[in-house]
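This is what each chain is made of:
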Amino acid sequence: MITTQDLVQAAVDATQFCYAPYSNFKVGAALLTADGAVITGVNIENAAYSPTNCAERTAVFKAVSEGQREFVKIAVVSKGAVSPCGVCRQVLTEFAPTLDVIMADLDGNIRHTMRLDELLVDGFGPANL
Ligand code: THU
């Protein structure tokens, strides 16, 4: 059984693999799947800047590419415990509109917990097509 604090710690541990030489702003994410798997992600920057991928999207894309599409919660860790950017909110909404989003600092202290549908109100999703 993975606790929320375990999930946060997985995100903290993942930050060792961040590739953020331009911003020096490290973000780690850890996604808990419905079957209890933990899939981590980190931000991966690029010299051309715009191809940069956030930690949350790295985690989702890793998960989906491994056959996982049902998510229960995500831990996101960074300096200041930031919340996911708009693009990541949209990508997460595709698969888990009621996902619990846990935001913690780089020491693993949880600062905020919100549901994704609070972070992206009235989001556009598959049911709208
Ligand atoms: N970043 C994330 O990985 N997740 C967020 O929720 C916010 C921003 C990354 C992108 C970039 O590498 C760095 O943080 C600064 O924007």
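We now turn to the structure provided with this report. It should be emphasised that the depicted structure is a prediction, and the values quoted were computed from it without experimental measurement. (Residues numbered from 1 in each chain as written. Predicted model: local features only at pLDDT ≥ 70, side-chain atom pairs only at ≥ 80, totals over all residues. Heavy atoms only, no water.)

The full count for this structure, using the stated rule, is two salt bridges. One salt bridge connects Asp105 with Arg111, and the closest N-O pair in it is separated by 3.0 Å. In this structure, Arg115 engages Asp117 in a salt bridge whose closest nitrogen and oxygen atoms are separated by 2.5 Å. The class for Arg115 is partly exposed, based on a relative accessible area of 35%. (Salt bridge = Lys/Arg side-chain N within 4 Å of Asp/Glu carboxyl O. Buried < 20%, exposed > 50% of the residue type's maximum accessible area, 1.4 Å probe, protein only.)

Turning our attention to the site of the ligand. In the neighbourhood of the ligand, the contacting residues comprise Ser23, Phe25, Val27, Asn43, Glu45, Thr52, Cys54, Ala55, Glu56, Ser83, Pro84 and Cys85. In this structure, an oxygen atom belonging to the ligand sits 2.9 Å away from a side-chain N or O atom of Asn43. Glu45 has a polar side-chain atom sitting 2.5 Å from an oxygen atom of the ligand. Contact with the protein chains removes 79% of the 370 Å² of surface that the ligand exposes when unbound. For the shell around the ligand, the residue count by class is six nonpolar, four polar and two charged. (Near = heavy atom within 4 Å. Polar contact = N/O pair within 3.5 Å; in protein donor to acceptor, adjacent residues only side chain to side chain. Areas by Shrake-Rupley, 256 points an atom, 1.4 Å probe, with all protein chains shown as cover. Nonpolar A, V, L, I, M, F, W, Y, C, P; charged D, E, K, R; others polar.)

In the structure shown here, the tally under the stated rule is two aromatic pairs. Where Tyr22 meets Tyr49, the ring centres are 5.8 Å apart and the plane angle is 55 degrees; that geometry is what we call tilted. One end of the pair, Tyr22, is in the loop between helix H1 (4-14) and strand E1 (27-33); the other, Tyr49, is in the loop between strand E2 (38-42) and helix H2 (55-65), and 27 residues separate them in sequence. Residue class for Tyr22 comes out partly exposed when judged on its relative accessible area of 40%. Overall, Tyr49 belongs to the exposed group, its relative accessible area being 56%. Geometrically, the ring pair formed by Phe71 and Phe95 is edge-to-face, given 6.2 Å between the ring centres and 70 degrees between the ring planes. One end of the pair, Phe71, is in strand E3 (residues 71-78); the other, Phe95, is in helix H3 (residues 86-95), and 24 residues separate them in sequence. (Phe/Tyr/Trp six-rings, centres within 6.5 Å; stacked < 30°, edge-to-face > 60°. Helix = DSSP H or I, 4+ residues; strand = E, 2+ residues; numbered from the N terminus.)

Formed by 20 residues in total, the largest nonpolar core has its most connected members in Leu31, Phe71, Ile74, Leu92, Leu99 and Val101. Of all elements in the fold, only E1, H2, E3, H3, strand E4 (100-104) and helix H4 (116-119) reach the threshold of two or more residues within this core. One finds Val8, Ala10, Val12 and Ala104 within the second-largest nonpolar core, a separate group that totals 11 residues. (Core = buried A, V, L, I, M, F, W, Y, C linked by side-chain atoms within 4.5 Å.)

A word on H2. One full turn of an α-helix is made of 3.6 residues, so residues set three or four places apart face in the same direction. Buried residues of H2: Ala55, Glu56, Arg57, Thr58, Ala59, Val60 and Ala63, and no others. Each element contacted by the buried residues of H2 is listed here: E1, E2, E3 and H3. Within two residues after H2, Gly67 carries a phi angle of roughly 90 degrees, on the positive side. (Contact = heavy atoms within 4.5 Å.)

Before going further, it helps to spend a moment on the sheet that holds E1. Across the sheet, five strands lie side by side as E2-E1-E3-E4-E5; this open sheet has mixed pairing. Of all strands in the sheet, those with a lone pairing partner are E2 and strand E5 (110-115), marking the two edges. Averaged over neighbouring strand pairs, the angle between their axes works out to 15 degrees when direction is ignored. With five bridges joining them, E3 and E4 adopt parallel strand pairing. Residue pairing in the sheet places Val76 in a bridge with Met103 of E4. Most of the contacts of H1 go to E3, to which it runs at about 50 degrees, and overall it touches E1, E2, E3, E4 and E5. (Pairing = 2+ DSSP bridges. Axes fitted to C-alpha atoms, helices over the stretch in contact; angles between N-to-C directions.)

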